[in-house]
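Residues per chain are reported as follows:
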Amino acid sequence: FTFNSAKLASLGEMAAGIAHEINNPLTIISGSAFKLKRRFKKLDIQDEELENSVQKINDTTRRIADIVKSMRTISRDGTDDDNVMVNLKEIVNEGVFLISEKIKMSQVDLEVNFFDEQEEVYGKATQISQIIMNLLSNSIDALNDNNVVDKVLKIESTQESDHIVLSISDNAGGIPLEIVDKIFNPFF
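First, a word on scope: everything that follows refers to the structure included in this document. (Residues numbered from 1 in each chain as written. Predicted model: local features only at pLDDT ≥ 70, side-chain atom pairs only at ≥ 80, totals over all residues. Heavy atoms only, no water.)

**Points about the overall build of the protein**
Then step 1. The helix and strand tally for the protein stands at 5 helices and 5 strands.
Then step 2. Taken across its 188 residues, the protein has 26% of its residues classed as buried.
Then step 3. Looking at the protein alone, contacts between residues at least 24 apart form 75% of all its contacts between residues at least 6 apart.
Then step 4. Of the roughly 13,000 Å² of accessible surface on the protein, a fraction of 54% belongs to carbon and sulfur atoms. (Helix = DSSP H or I, 4+ residues; strand = E, 2+ residues; numbered from the N terminus. Buried < 20%, exposed > 50% of the residue type's maximum accessible area, 1.4 Å probe, protein only. Contact = heavy atoms within 4.5 Å. Areas by Shrake-Rupley, 256 points an atom, 1.4 Å probe, with all protein chains shown as cover.)

Given below as structure tokens:
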């Protein structure tokens with residue numbers, strides 16, 4: 001178990017380092033796009049193609065910044081974090097955002113249904129995010145591995161008495177019995 005914890009910590013440090021290295025050039029790109037936009041305005045240059053290109057640069061840098069931010073959240077060790085009230089929809093959306101390309105490439109039909117957009121849960125946001133990310137990724141892998149034709153991944157929340165239940169399900173056929181005992185092992 002100690003070896004796996006060390007691997008997780010190392011992975012988190014590596015992701016944080018990569019995120020930091022990405023942010024530096026990203027800031028330069030974003031600043032340069034801002035200067036271009038300001039320069040066009042100052043010189044009264046009206047070129048729709050150039051304006052669209054600068055907007056694409058801005059949109060792309062914003063998306064990369066969001067990915068980096070999410071990477072930092074997902075990759076860090078949240079064991080020592082305090083339990084706090086966190087918005088469940090925001091955490092789920094962050095996980096969906098991080099694997100949106102995988103969802104798109106796998107042609108998965110994603111269905112998300114929250115009984116309340118403002119519902120909050122008490123816990124460690126980083127750890128909840130990591131669990132959701134893993135479940136979503138595992139579901140997509142199962143859908144792909146089992147050659148499911150109409151791939152469906154459902155995320156929904158329900159209220160049951162005094163607690164909230166978050167369900168993540170797919171139509172891949174379930175977890176094979178021969179690996180059920182291993183699913184909670186790190187890196188399995």
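From this point, things continue past the structure.
**Looking at a negative patch on the surface**
Then step 1. On the surface, Asp-47, Glu-48, Glu-49 and Glu-51 cluster together into a negatively charged patch.
Then step 2. As for its position among the elements, Glu-51 is in helix H2 (residues 48-75).
Then step 3. Its relative accessible area of 40% is what places Glu-51 among the partly exposed residues. (Patch = residues over 30% accessible without salt bridge, like charges linked within 9 Å, V, L, I, M, F, W, Y side chains within 5 Å. Salt bridge = Lys/Arg side-chain N within 4 Å of Asp/Glu carboxyl O. Lys, Arg positive; Asp, Glu negative; His and termini not counted. Charge placed at Lys NZ, Arg CZ, Asp CG, Glu CD.)

**Describing helix H3 (residues 88-98)**
Then step 1. Leu-88, Ile-91, Val-92, Glu-94, Gly-95 and Val-96 are the residues of H3 that are buried.
Then step 2. Measuring from the backbone nitrogen of Lys-89 back to the side-chain oxygen at the start of H3 gives 2.9 Å, which picks out Asn-87 as the cap. (Polar contact = N/O pair within 3.5 Å; in protein donor to acceptor, adjacent residues only side chain to side chain.)

**Considerations on the sheet that holds strand E4 (residues 152-160)**
Then step 1. Strand order across the open sheet formed by 3 strands is E2-E4-E5, with mixed pairing between neighbours. Either end of the sheet is taken by a strand with one partner, and the two such strands are strand E2 (109-113) and strand E5 (163-170). Each strand axis lies, on average, 15 degrees off the axis of its neighbour in the sheet, ignoring direction.
Then step 2. As judged from the 5 bridges shared by E2 and E4, these two strands associate in the parallel manner. Pairing of Asn-113 across the sheet is with Glu-156, part of E4.
Then step 3. The strands touched by helix H5 (residues 125-145) are E4 and E5; relative to E5, the strand with the most contacts, the crossing angle is about 25 degrees. (Pairing = 2+ DSSP bridges. Axes fitted to C-alpha atoms, helices over the stretch in contact; angles between N-to-C directions.)

**Structural notes on the packing of H3 against H5**
Then step 1. Contact geometry of H3 with H5 gives a least axis separation of 9 Å together with a crossing angle of 45 degrees. Looking at the two axes, H3 sits oblique to H5. The two elements H3 and H5 cross, and the hand of that crossing is right-handed. For the pair H3 and H5, contact is made by Ile-91, Val-92, Glu-94, Gly-95, Val-96 and Leu-98 and by Ala-125, Ile-128, Ser-129, Ile-132, Met-133 and Leu-136, respectively.
Then step 2. Each residue belonging to the contact of H3 with H5 can be placed in one class, and the counts come to 9 nonpolar, 2 polar and 1 charged. (Parallel < 35°, antiparallel > 145°, perpendicular 65-115°, else oblique. Left-handed = near helix turned anticlockwise from the far one by under 90°. Nonpolar A, V, L, I, M, F, W, Y, C, P; charged D, E, K, R; others polar.)

**Structural notes on a nonpolar patch on the surface**
Then step 1. Residues Ile-175, Leu-177, Val-180, Ile-183, Phe-184 and Phe-188 make up a contiguous nonpolar surface patch of about 680 Å² in total accessible area.
Then step 2. The residue Phe-188 is located in the segment after E5 in this model.
Then step 3. By relative accessible area, Phe-188 is classed as exposed at 52%.

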